[in-house]
Amino acid sequence: MKHSKNYRAAAEQIDKDKLYTPLEAVRLAKSGAKTKYDSTVEVAFRLGVDPRKADQMVRGTVNLPNGTGKTARVLVFANGDKAAAAEAAGADFVGSDELLDRVAGGWTDFDAVVATPDLMGKVGRLGKVLGPRGLMPNPKTGTVTMDVAKAVSDIKGGKIEFRVDKHSNLHFIIGKVSFDEKALIENYGAALDEILRLKPAASKGRYISKATMSTTMGPGIPLDASVTRNLLEEGADA
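- The name given to the protein chain in an unreviewed UniProt entry is Large ribosomal subunit protein uL1, with Flexivirga oryzae as the source organism.
- Under Sequence similarities (unreviewed entry), UniProt gives the following word-for-word description of the protein chain: "Belongs to the universal ribosomal protein uL1 family."
- Quoted verbatim from the Subunit (unreviewed entry) heading of the UniProt record, the comment on the protein chain is "Part of the 50S ribosomal subunit."

Take a look at the structure:
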């Protein structure tokens, strides 16, 4: 694969045999991002779980303290007063049957989906469209709820959802390159704490076996996920 000059320049600054502390990784990510737009900063973990087993599925949400840097487009399936509440909370698309038909036709111009419980019978039929994109509403992540206004506000305010894939990888964003170091580290720390809290009891051995930080179109930076405390200090502790 042929990479751009900026990618190659950024890659040259990374020692692939070193595990960088979160603070070091954030600094490398910010200094190496030379795109004309505000790149997203992402983290990928390889987890020591078998996602084929229900008791080893890792899935959850976390409210990033400094937001994501992006205002999510939220679709809400609701009727009546709940639809009005969703609109008042800032939902981008609100409705029921008409929206259901539109999504069934392949439309996915949104980032998150919320639904009231009474409509999940119909929403469940959209599994082939929403499922592969990780957009299917779920009570465990607070996206199947009668309090649609709170769900919309949380998502707009920086709530992210994460889920381990079939290859045991878990991806999440921690903000934009334009964020300062402190904001990115605080977001990373919040997500890391929640992922560690969700470690399945059935998971044996090393839970996070590999970690990488990167920016949009940028090279991966090997990350030391064992560093979990004092993340903003130069000599962070494991």
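We are not done yet, so read on.
1. Comments concerning the overall build of the protein chain
Inference 1: Counting its secondary structure elements, the protein chain contains eight helices and nine strands.
Inference 2: A compact globule built from 238 residues would reach a C-alpha radius of gyration of about 18 Å, and the protein chain, at 19 Å, matches this within 12%.
Inference 3: Within the protein chain, the proportion of its 238 residues that are buried is 45%.
Inference 4: Here the contacts in the protein chain between residues at least 6 apart in sequence split such that 71% fall between residues at least 24 apart.
Inference 5: Summing over all exposed atoms, the protein chain offers an accessible surface of approximately 12400 Å²; the carbon and sulfur share of this is 49%.

2. Some points on helix α8 (residues 181–197)
Every α-helix carries 3.6 residues per turn, so stepping three or four residues along brings you back to the same face.
Inference 1: The end-to-end C-alpha distance of α8, which contains 17 residues, comes to 24 Å, matching closely the 24 Å that a straight helix rising 1.5 Å per residue would cover.
Inference 2: Among the residues making up α8, those that are buried are A183, L184, I185, N187, Y188, G189, A191, L192, E194 and I195.
Inference 3: For α8, the elements touching its buried residues are α2 (22–32), β1 (40–47), β2 (59–63), β6 (159–163), β7 (169–176) and β8 (208–215).

What counts and how
- Residues numbered from 1 in each chain as written.
- Predicted model: local features only at pLDDT ≥ 70, side-chain atom pairs only at ≥ 80, totals over all residues.
- Heavy atoms only, no water.
- UniProt positions renumbered as here; feature names shortened; annotations may be inferred.
- Helix = DSSP H or I, 4+ residues; strand = E, 2+ residues; numbered from the N terminus.
- Rg over C-alpha atoms; globule rule 2.2 N^0.38 Å.
- Buried < 20%, exposed > 50% of the residue type's maximum accessible area, 1.4 Å probe, protein only.
- Contact = heavy atoms within 4.5 Å.
- Areas by Shrake-Rupley, 256 points an atom, 1.4 Å probe, with all protein chains shown as cover.
- Expected span 1.5 Å × (residues − 1).

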